[in-house]
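These are the residues of each chain, in order.
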Amino acid sequence: MNRPIYVTRPYLPPLEELIPSLQQIWDNKVLTNGGPFHQQLETALCSYLGVTHVSLFTNATIALVTALQALRVTGEVITTPYSFVATSHSLLWNGIRPVFVDIDPDTLNLNPDLIESAITPHTTAIMPVHCYGHPCDTGAIQRIADNYNLKVIYDAAHAFGVEDDEGSILRHGDLSILSFHATKVFNTFEGGAIVCPDARSKTRIDQLKNFGYVDEVTVVAPGINGKMSEFNAALGLHQLNYVGRAIEERRVIDRAYRERLHRIRGIRCLDTTGERVPNYSYFPILVEADYPVSRDDLYSGLKALNIHPRRYFYPLISNFPMYKSLSSAHPNNLPVANSAAQKVLCLPIFPGLEMSVLEEITDFIATR
Ligand SMILES: *Cc1c(COP(=O)(O)O)cnc(C)c1O
């Protein structure tokens, strides 16, 4: 297989299939501002994901920033340090102070048992992440939110199509945010969405992503430009026809990794027990102390073969310069997250990854 091999590789529909849609855009000359493809993709995503309201965005980061605006979140927000930096950046862009709470060692998601002691009179919301697409303890988080009257905004960037026993995990909390970036399970090159529980919140979010416009002459809020273009929406509609197959291919790779890695001493794979329908978006392993070499040595060894796993999430958000002076960012407050960041390695997983390459990776890991 052609090298280099990266941790992921985007999945694309055959170009011929896209041409008629592009022709339609060229004919209509409707390029953005909620055109026909934008509307079709919102409807198609609602039905694919099993949710009632979706608002498309230019990317997930702007969607996170807008979600916080929509719910008028201020003050302090409890969040996880174990995520992509956009999660916390969306708080800083709203002038909100992130309060980091440690993660659960089994799921690597926000540990609900530690949330209450981080709540102060300034806390207005919780922003958990369904890390690697594994569901958070949504029941426990909602109970705390209800008790303290807090909003819950899920960063569901990894969780496209994931379901728990009762359906889509995107129905939990006040809002959930998806990313359709090129590296994610479902992509529109760049893109994202907010999953909203009702028509009222979708209307407000639709206004906020269009500068706050309600009609030609009425602006009701200092909105932003977060709209998805017709090109990205048309692409998304075609992608949607293939995402089921792509996830199935990921499932086969996930199973092959697990079979080949589970007996290697010092290598731990994360469980997928919280979800009835997983999406296999990542394949993280934890390189424990009883493995013969360090995580970073294993990482460099694979890179020398021109195979590029990723240390998601290292460094932790709480250790970046704009966060590390927060009192909640101190490593003593976040021992599990700091330890996970030292151990984790996300192995390549994407449709089309050849079994021979997977075997090369697992053989390499088995023979250090
Ligand atoms: C990818 C990602 C984002 C940002 O998504 P964009 O669409 O690239 O803005 C946010 N949060 C998490 C957890 C992510 O993995």
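Residues numbered from 1 in each chain as written. Predicted model: local features only at pLDDT ≥ 70, side-chain atom pairs only at ≥ 80, totals over all residues. Heavy atoms only, no water.

Novice: I tried to follow the nonpolar core on my own but got confused; where do I start?
Specialist: Soluble globular proteins tend to bury their nonpolar side chains together. Counting 58 residues, the largest nonpolar core has L45, L261, I285, L347 and I365 as the members making the most contacts within it. A total of 11 residues in this core trace back to one element, the largest contributor, which is helix α7 (residues 230–261). Two domains share this core, each providing at least three of its residues, namely domain 1 (15–240) and domain 2 (243–366). When neighbours within four sequence positions are excluded, I285 is seen to be in contact with L261, I267, R268, C269, L298, K343, V344, L345, L347 and I365. Of all hydrophobic cores here, the second largest spans 24 residues; its members include V7, Y82, L270 and F313. (Core = buried A, V, L, I, M, F, W, Y, C linked by side-chain atoms within 4.5 Å. Buried < 20%, exposed > 50% of the residue type's maximum accessible area, 1.4 Å probe, protein only. Helix = DSSP H or I, 4+ residues; strand = E, 2+ residues; numbered from the N terminus. Domains from an automatic or database assignment. Contact = heavy atoms within 4.5 Å.)

Novice: Please explain the environment of T188 as it appears in this structure.
Specialist: Inspection of the secondary structure assignment puts T188 in the loop between β9 (175–179) and β10 (192–196). According to the relative accessible area criterion, T188 is buried, its value standing at 0%. Separated by 50 residues in sequence, T188 and H238 place their C-alpha atoms 9.4 Å apart. Residues contacting T188, with those up to four places away along its chain left out, are L41, F180, M228, N232, L235 and G236. A distance of 2.8 Å separates the side chain of T188 from the backbone oxygen of E190, its partner in a polar contact. (Polar contact = N/O pair within 3.5 Å; in protein donor to acceptor, adjacent residues only side chain to side chain.)

Novice: Would you take a moment to explain the packing of helix α3 (residues 60–70) against helix α6 (residues 199–208) for this structure?
Specialist: The geometry of a pair of packed helices is captured by two quantities: the angle between their axes and the separation between those axes. Closest axis-to-axis distance for the α3/α6 pair is 10 Å, and the angle between their directions is 120°. Between α3 and α6, the interaxial angle falls into the category oblique. At the point where α3 passes α6, the crossing takes the right-handed sense. On the side of α3, the interface is formed by T66, Q69 and A70, while α6 contributes R204, I205 and L208. Residues that form the contact of α3 with α6 fall into these classes: 3 nonpolar, 2 polar and 1 charged. (Axes fitted to C-alpha atoms, helices over the stretch in contact; angles between N-to-C directions. Parallel < 35°, antiparallel > 145°, perpendicular 65-115°, else oblique. Left-handed = near helix turned anticlockwise from the far one by under 90°. Nonpolar A, V, L, I, M, F, W, Y, C, P; charged D, E, K, R; others polar.)

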